[in-house]
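Take a look at the letters that make up each chain.
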Amino acid sequence: MTLVSKDILKAAEILSRDELVAIPTETVYGLAANIYSDSAIKKIFELKKRPFFNPLIVHIHSMEQVMELAVDFPEKAQLLAKAFWPGSLTLILKKQAAVPDLITAGSNTVGIRMPHHDLTLKLLKSLPFPVAAPSANPFTHISPTTAQHVKNYFDGALEMVLDGGDCKNGIESTIVGFENKEAVVYRLGSISIEDIRAVVGNVTLKNNKDKAPNAPGMLEKHYAPQTKTYLVENIASFIAQHPHQKIGLLLHIKESKELEVAKTIYLTETGDLKEAASKLYSAMHDLDKLDLDLIVAQRLPDTGLGKSINDRLERATK
Ligand code: TXA
Ligand code: MG
């Protein structure tokens, strides 16, 4: 049985003997291990069934730790860190030799983030090492936004989930690197491109959906329910074309006509995209449990966080 508890001392003790603990963050739950323990880091890849070519994000609690991990903290990166840390921003920087290759998948860069969650920041402060933490889900599955989601995935195979409640933002951090001193977004996420641009000016999006992505984890199929899922423009006509199917709907605006389906979940009643992002994965987990034939999601407006949510829905429906 996996322990679900708020006990930071217990979490620290487990991490210190090279075992894994799932930790809450404001984006999604992460599966954490000591970055300097190869045996602990290997357990992350085994438990997630994640390929080794996919690098991990290092989680820190103070700005000073950046220079323990990176050889250079460029000005624009510092501006972004000051604006968004603690928060849902991952910076890709040139790594120090001491950062193990297992963390970076052999690349000369390292992903670094300071999460915005009191319990996890307290835990990180109590540890003599930073932790690596990918989302706490099996490879390609929906990310967890509650302690229960993590327990459902790994019960018995994981010692502890540090219970920090529901994740406030609900989708992963925005990943930003630098090419020729310009900011490049490699993964859309909880911080919108517009907000990044407001801090550093010019921003390029390289959120590739091909087979050789810039952030190696950005595979085409990801964040996917087990139930066949579709992202469609016209919900009513899709339903009309699929009679006799048990359908679950993921909507953000009410359709003009009440739709006859097994279950409908609204991501927001008010059109608030932040609210929609925070509910996205929970809604997908809930629909996936209902033994439906199909899940049908409605595309959001393609601005701000709508762009990030659409990115997740597109990958979930490959
Ligand atoms: O919000 C988040 O970022 C969550 C929480 C737990 O912090 N973590 C998360 O980790 O989403 P993960 O492993 O599920 O996704 C990390 C992404 C992957 O796509 C990986 O390829 C990319 O970050 N990444 C990590 N290090 C990188 C690096 N050095 N260069 C390029 N991409 C990197
Ligand atoms: Mg993930």
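Because the structure is predicted, anything quoted here is derived from the model rather than measured.

A. Spotlight on the nonpolar core. Of all hydrophobic cores here, the largest spans 51 residues; its most connected members are W85 and L91. Element by element, the count of residues in this core is highest for helix α2 (residues 38-48), at 5 residues. Counting 24 residues, the second-largest nonpolar core is a separate cluster that includes V28, I142, Y223 and I265.

B. Quick peek at the pattern of salt bridges. In total, this model carries 17 salt bridges according to the counting rule given. Its salt-bridge partner being E19, residue K43 comes within 2.9 Å of it at the nearest N-O pair. Taken together, the residues span a long stretch of sequence, with K43 in helix α2 and E19 in the loop between α1 (8-16) and β2 (21-23) at a distance of 24 residues. Relative accessible area serves as the criterion here: at 25%, K43 is assigned to the partly exposed category. The partner of R299 in a salt bridge is E233, and the shortest N-O contact between them spans 2.8 Å. Of this pair, R299 sits in the loop between β15 (294-298) and α11 (305-316) while E233 is found in the loop between β12 (229-232) and α9 (235-240), placing the two residues 66 residues apart along the sequence. Judged by relative accessible area, which is 62%, E233 ranks as exposed. What you see here is one network of salt bridges that share partners, running through K10, E13, R17 and E159.

C. Structural context of α11. The terminal C-alpha atoms of α11, which comprises 12 residues, lie 17 Å apart, in line with the 16 Å expected from a rise of 1.5 Å per residue. Along α11, the residues that are buried comprise L305, G306, S308, I309, N310, D311, R312, L313, R315 and A316. In the core, the buried residues of α11 are packed alongside β10 (182-187), β12, β13 (247-251), α10 (273-288) and β15.

D. Quick peek at the confidence of the model for the chain. Mean pLDDT over the chain: 94, with 96% of residues reaching 70 or higher. For the chain, α9 is the element with the lowest average pLDDT, namely 92, and β2 is the one with the highest, namely 99.

E. Region of the structure containing the sheet that holds strand β3 (residues 30-34). Spatially, the 11 strands line up as an open sheet ordered β1-β8-β2-β3-β7-β4-β6-β5-β9-β10-β11, and their pairing is mixed. Strands at the two margins of the open sheet, each flanked by one partner only, are β1 (3-5) and β11 (203-205). Relative to strand β6 (residues 109-113), strand β5 (residues 89-94) runs antiparallel, the two sharing 4 bridges. Looking at the pairing, L93 lines up with V110 of β6. Contacting β1, β2, β3, β7 (131-132) and β8 (160-162), α1 crosses the sheet at an angle of about 135° to β8. Contacting β5, β9 (174-179), β10 and β11, helix α8 (residues 193-200) runs over the sheet at an angle of about 150° to β11.

F. Representation of the environment of S143. Looking at the secondary structure, you find S143 in the loop between β7 and α7 (147-154). Judged by its relative accessible area of 1%, S143 falls in the buried class. Non-local contacts of S143, meaning those with residues more than four positions away in its chain, are made with V28, S135, N137, E172, Y223, Y281 and H285. Polar contacts involving the side chain of S143 include one to the side chain of E172, which spans 2.5 Å.

G. A look at the environment of N207. Locating N207 in the fold gives a position in the loop between β11 and β12. Given a relative accessible area of 8%, N207 falls into the buried group. Sequence spacing of N207 and K43 is 164 residues, and the spatial spacing of their C-alpha atoms is 28 Å. Among the polar contacts listed, one links the side chain of N207 to the side chain of D311, at a separation of 2.7 Å.

H. Local environment of unusual backbone geometry. Between W85 and the following residue, P86, the backbone shows a cis peptide bond with an omega angle of -5°. One non-glycine residue, K181, lies in the positive phi region at around 65°. Inspection of the secondary structure assignment puts K181 in the loop between β9 and β10. For K181, a relative accessible area of 72% puts it in the exposed group. At Y223, a residue that is not glycine, the phi angle is positive and equals roughly 55°. By secondary structure assignment, the location of Y223 is in the loop between β11 and β12. The class of Y223 is buried, set by a relative accessible area of 2%.

Parameters and conventions
- Numbering of residues starts from 1 in every chain and runs along the sequence as written.
- Key to labels: chains lettered from A, ligands numbered from 1, both in the order written.
- Only residues with pLDDT of 70 or above have their local features reported here, since the model is predicted, and side-chain atom pairs are shown and tallied only from 80 upward, although totals for entire chains, interfaces and linings are computed over all residues.
- To get the side-chain values, take all heavy atoms of the structure and skip hydrogens and water.
- What we call a nonpolar core is a set of buried Ala, Val, Leu, Ile, Met, Phe, Trp, Tyr and Cys residues that are connected through their side-chain atoms within 4.5 Å.
- Here the term buried applies to any residue with accessible area under 20% of the maximum for its type, exposed to any over 50%, and partly exposed to those in between, with areas from a 1.4 Å probe on protein chains only.
- Secondary structure follows DSSP: runs of H or I at least 4 residues long count as helices, runs of E at least 2 residues long count as strands, and numbering of each begins at the N terminus.
- Each salt bridge in this description consists of a side-chain nitrogen of Lys or Arg and a carboxyl oxygen of Asp or Glu lying within 4 Å of one another.
- By definition here, a helix of n residues has an expected span of 1.5 Å times n minus one.
- When checking whether two residues touch, look at their non-hydrogen atoms; a contact exists if any pair is within 4.5 Å.
- pLDDT: the predictor's confidence for each residue, scored from 0 to 100.
- Two strands pair under a simple rule: DSSP has to find at least two bridges between them.
- The angle between two axes is taken between their N-to-C directions and runs from 0 to 180 degrees, where each axis is a line fitted to C-alpha atoms and a helix contributes only its stretch in contact.
- Polar contact criterion, stated in full: a pair of N or O atoms within 3.5 Å, where within protein one must be able to donate a hydrogen and the other to accept it, and residues adjacent in sequence count only if both atoms are side-chain atoms.

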